[in-house]
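Each chain, letter by letter, is given below.
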Amino acid sequence: MSELTGKERVQRLFKREPVDTMPCFSGQGAVVVQAIEKMGTQFAKIHTDARLMAESAITSAKIFNMDGIVIPYDMATVAEAMGRGISLYDGADGIIYPTVPNKWKTLDEIDIPKDYMSRGRLPMVDEAFKIIKDEAPDLGVGAWVLGPFTLAGQIMELDILLKGLKKKKDETAAFLDEVTKVTIDMCRHYQDLGVDFISVREMGSGTDLLSPRMWKTLIGPNLTKVFDSISIPCVNHICGSTDMIIEMMHGCGADALSVDQKNNVAETRKKLGNDVLIFGNFDPYNTLTQLEDMTQVEAIIKKCIDDGQDAIWPGCDIWPDIKAENMETYVRTVKEYGKKPSPAVGRI
Amino acid sequence: MAAQEEILAKLKEAVVEYEEDDCADAAQEALDAGMDPMVAVMDGLAAGMEEVGVLFDTNEYFVPEVLMCADALYKGLDILRPHIKLDADIPKASVVIGSIQGDVHDIGKNLVKMMFDVAGWDVHDLGRDVPLESFVEKQLDVNSDVLAMSAMMTTTMMGMKKVIAMVKEKNPDCLIMLGGAPVTRDVANLFGADGYAESAGNAVSEGIKMIGRLREYQKGEIE
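Residues numbered from 1 in each chain as written. Chains lettered and ligands numbered in written order. Predicted model: local features only at pLDDT ≥ 70, side-chain atom pairs only at ≥ 80, totals over all residues.

1. Brief notes about the overall build of chain B
Helix and strand content of chain B: nine helices and five strands. Each helix (α) and strand (β) of chain B, taken in turn from the N terminus, gives the series α-α-α-α-β-α-β-α-β-α-β-α-β-α. The burial tally for chain B puts 54% of its 223 residues in the buried class. Within chain B, contacts between residues at least 6 apart in sequence are counted, and of these 73% link residues at least 24 apart. (Helix = DSSP H or I, 4+ residues; strand = E, 2+ residues; numbered from the N terminus. Buried ≥ 20, exposed ≤ 12 C-beta atoms within 10 Å, placed from the backbone. Contact = placed C-beta atoms within 7 Å.)

In structure tokens form, the structure reads like this:
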């Protein structure tokens, strides 16, 4: 059999069908400065223009021989579409991701517009997906959305939300229910656009912030509703501390789990068995921008594979200002050392 | 009238149990009983927050509980602070604090700010999403002893390095503290900072531990 394309590798991985080697892709942002420089544009511009967003994603993947692409890059698109504004930092020096400047301050103020899907940059992101599908048919295409709790923290003040979980349980639960519907709508929308997978990033819900009990009652049930509503491959990603909630994460029904470097993946694999897809879990900042010794980069990636992961994802967005050599070593190690079967996926 | 120990216990319990009204009542009771307000702050409110730190470290409390404890502490502090007598011979220490440009998270920053408030420092809180130049301008303007910056995300951390370089060039004596999820000891060293708290959780834990150190300092147990 001839070598698989990146898209085929990604699709087969999610179906747990044998692949020639481990696909190298991410469900977190993976745009890099090398692509932005090659295009002659600026980081601040790739968030507002469909052509620049699509092209920077494709170029980033192709420069480093990645198997997949994921957009958008920032977590503010939906909050912006709900009228919470956007700070693009287009005059700032260096790389700063867009943020939401005007979050709702109380539960009473919240008023999610019915037509949010056609507002802000969301139509532009749709257009970028169309360009990517047309121009990069050989690459796996992923969308990512915020999980209900993390999205809630993007549209209202996080400290008010966190205290609300204790002080105003019923009202906060009702709000999270409403936001869950938004996450579901976004997932179905991207599913209809024909993406290969969706990563649901509930990144603010690790046990650095919330108790396992709170996770069980307020986070898990909403994530379950989200994954129940998606019929294409989906990933449950949570960064930070996840060892105490990993079984509950698994119980939410996603096709794969993604964790960051705080998770003890070898233990997680023992807890969950070999049937579940696990992605992760290297520290992207240290591994790709700081290390100067490539044997260290290689050792980190090999350990991720040896710990029993089925795809080696960065624990968070790749910091765009990577060192090219580190990125090349990451991809090469995944493809070479990943020729052996992973726990949930065999090899051709 | 309740004995001092009893009032201190009430203050402490009100913080730990995040009872804002009880904390305000106990603070007023301390004043009515003629208690030194600084003792009430340090051995009541701050002692309560130290216990919260233990509960946080042992996974009994998480961030929502800690935030509510902080709210309770401030209820008491707002009542006690105006009555604390300042020593005119000792200049008040000051800090400029804020979350770096591109970062709209401020929970960790606010908990560290609480530590400085408890200690009676002049706190210049620039808020969040603060442009790099604003940190430098404010620090030079008020000549603060400490500049404290937080970044919750890797993607905003790099701005700290620029601020440190700008401040250290003009005011090398200013101590610089970094905090936030992506900040490690290596990063702090690399950037030229004087201290760090390595995660959102650690910012909570470290901030609370610093309160403990302040209490020891006040009692003369450390220099």
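2. Things to note about the overall build of chain A
Helix and strand counts for chain A come out as 14 helices and seven strands. Over its C-alpha trace chain A gives a radius of gyration of 19 Å, about what one expects of a compact globule, namely 20 Å for 348 residues. The principal-axis extents of the C-alpha atoms in chain A amount to approximately 55 × 45 × 35 Å. Within the span of chain A, comprising 348 residues, buried residues form 54% of the whole. (Rg over C-alpha atoms; globule rule 2.2 N^0.38 Å.)

3. What about the domain arrangement of chain B?
All names here are of chain B. Partitioning chain B into domains gives domain 1 (4–85) and domain 2 (94–206). For domain 1 versus domain 2, the separation of C-alpha centres amounts to 26 Å. Each partner contributes residues to the interface: domain 1 has 13 residues there, and domain 2 has eight residues. Elements that contribute at least two residues to the side of domain 1 that touches domain 2 include exactly helix H3 (37–57) and helix H4 (63–80). Looking at side-chain class alone, the side of domain 1 that touches domain 2 contains eleven nonpolar, one polar and one charged residues. (Domains from an automatic or database assignment. Nonpolar A, V, L, I, M, F, W, Y, C, P; charged D, E, K, R; others polar.)

4. A closer look at the packing of helix H8 (residues 169–192) of chain A against helix H9 (residues 212–228) of chain A
Each packed pair of helices is defined by two parameters, the angle between the axes and the distance between the axes. Residues and elements named next belong to chain A. At a closest axis distance of 9 Å, the pairing of H8 and H9 adopts a crossing angle of 30 degrees. Taken together, the axis directions place H8 and H9 in an arrangement best described as roughly parallel. The crossing of H8 and H9 is right-handed. Contact residues: Ala173, Leu176, Thr180, Thr183, Ile184 and Cys187 in H8; Leu218, Asn222, Lys225 and Val226 in H9. (Axes fitted to C-alpha atoms, helices over the stretch in contact; angles between N-to-C directions. Parallel < 35°, antiparallel > 145°, perpendicular 65-115°, else oblique. Left-handed = near helix turned anticlockwise from the far one by under 90°.)

5. With respect to helix H13 (residues 294–306) of chain A
Residue and element names in this part refer to chain A. For H13, which comprises 13 residues, the first-to-last C-alpha distance of 18 Å matches the rise-based estimate of 18 Å (1.5 Å per residue) to within 8%. Taken together, the buried positions of H13 are occupied by Val297, Ile300, Ile301 and Cys304. One face of H13 carries all of its buried residues, which in axial projection span an arc of 90 degrees. Opposite the buried face of H13, at more than 90 degrees from it, the exposed residues are Thr295 and Asp306. Contacts from the buried residues of H13 go to strand S6 (277–282), helix H12 (284–290), strand S7 (311–314) and helix H14 (324–337). Backbone geometry just after H13 places glycine 308 at a positive phi near 105 degrees. (Expected span 1.5 Å × (residues − 1). Arc of directions from axis to C-beta.)

6. Re the sheet that holds strand S2 (residues 140–146) of chain A
Residue and element names in this part refer to chain A. The parallel open sheet is built from seven strands, whose spatial order is S1-S2-S3-S4-S5-S6-S7. Only two strands of the sheet have a single neighbouring strand rather than two, namely strand S1 (68–71) and S7. Here the strands of the sheet are splayed against their neighbours by 25 degrees on average, with no regard to which way each runs. As paired elements, S2 and strand S3 (residues 197–201) share five bridges and run parallel to each other. Bridged to alanine 143 within S3 is isoleucine 198. Sitting on the sheet, H8 is in contact with S2 and S3, with an inclination near 165 degrees to S2. Relative to S6, helix H11 (residues 265–272) is tilted by about 170 degrees, and along the sheet it contacts strand S5 (256–259) and S6. (Pairing = 2+ DSSP bridges.)

7. Side note on the packing of helix H7 (residues 158–167) of chain A against H8 of chain A
Residue and element names in this part refer to chain A. Running from N to C, H7 and H8 point in directions that differ by 125 degrees, and their axes come no closer than 6 Å. Taken together, the axes of H7 and H8 lie oblique to each other. In this structure, H7 crosses over H8, and the sense of that crossing is left-handed. Residues Leu161, Gly164 and Leu165 of H7 lie in contact with H8, whose contacting residues are Lys169, Glu171 and Thr172.

8. With respect to the pairing of strand S3 (residues 146–150) of chain B
All names here are of chain B. Buried residues dominate S3, accounting for four of its five residues. Sheet topology note: the strand S1 (residues 94–99)/S3 ladder contains five bridges and is parallel. Pairing of valine 96 across the sheet is with leucine 147, part of S3. Across five bridges, the pairing between S3 and strand S4 (residues 175–179) is parallel.

9. Considerations on the nonpolar core
Formed by 182 residues in total, the largest nonpolar core has its most connected members in Ile198 of chain A together with Leu11, Val15, Cys69 and Leu73 of chain B. With eleven residues, the single largest contributor to this core is H4 of chain B. The residue makeup of this core includes at least three contributed by each of domain 1 (4–85) and domain 2 (94–206) of chain B. (Core = buried A, V, L, I, M, F, W, Y, C linked by C-beta atoms within 7 Å.)

10. As for helix H4 (residues 77–84) of chain A
All names here are of chain A. The element H4 is largely enclosed, with a buried count of six among its eight residues. The complete set of buried residues in H4 reads Thr77, Val78, Ala79, Glu80, Ala81 and Met82. For H4, the elements touching its buried residues are helix H5 (122–135), S2, helix H6 (148–155) and H8. Just past H4, the residue glycine 85 takes up positive phi, approximately 85 degrees.

11. Some remarks on the environment of glutamate 247 of chain A
Residue and element names in this part refer to chain A. Structurally, glutamate 247 can be placed in helix H10 (residues 246–251). The exposed category is assigned to glutamate 247, around which 12 C-beta atoms lie within 10 Å. In the structure, glutamate 247 is positioned 24 residues away from lysine 271 in sequence and 7.5 Å away in space, judged by C-alpha atoms.

12. Considering the interface of chain B and chain A
Listed by partner, the interface residues are 20 residues for chain B and 23 residues for chain A. Put simply, the parts of the chain that give the side of chain B that touches chain A at least two residues each are H4, helix H7 (154–170) and helix H9 (200–218) of chain B. Per-element accounting of the side of chain B that touches chain A gives the leading share, five residues, to H4 of chain B. Taken together, the residues that form the side of chain B that touches chain A break down as ten nonpolar, eight polar and two charged.

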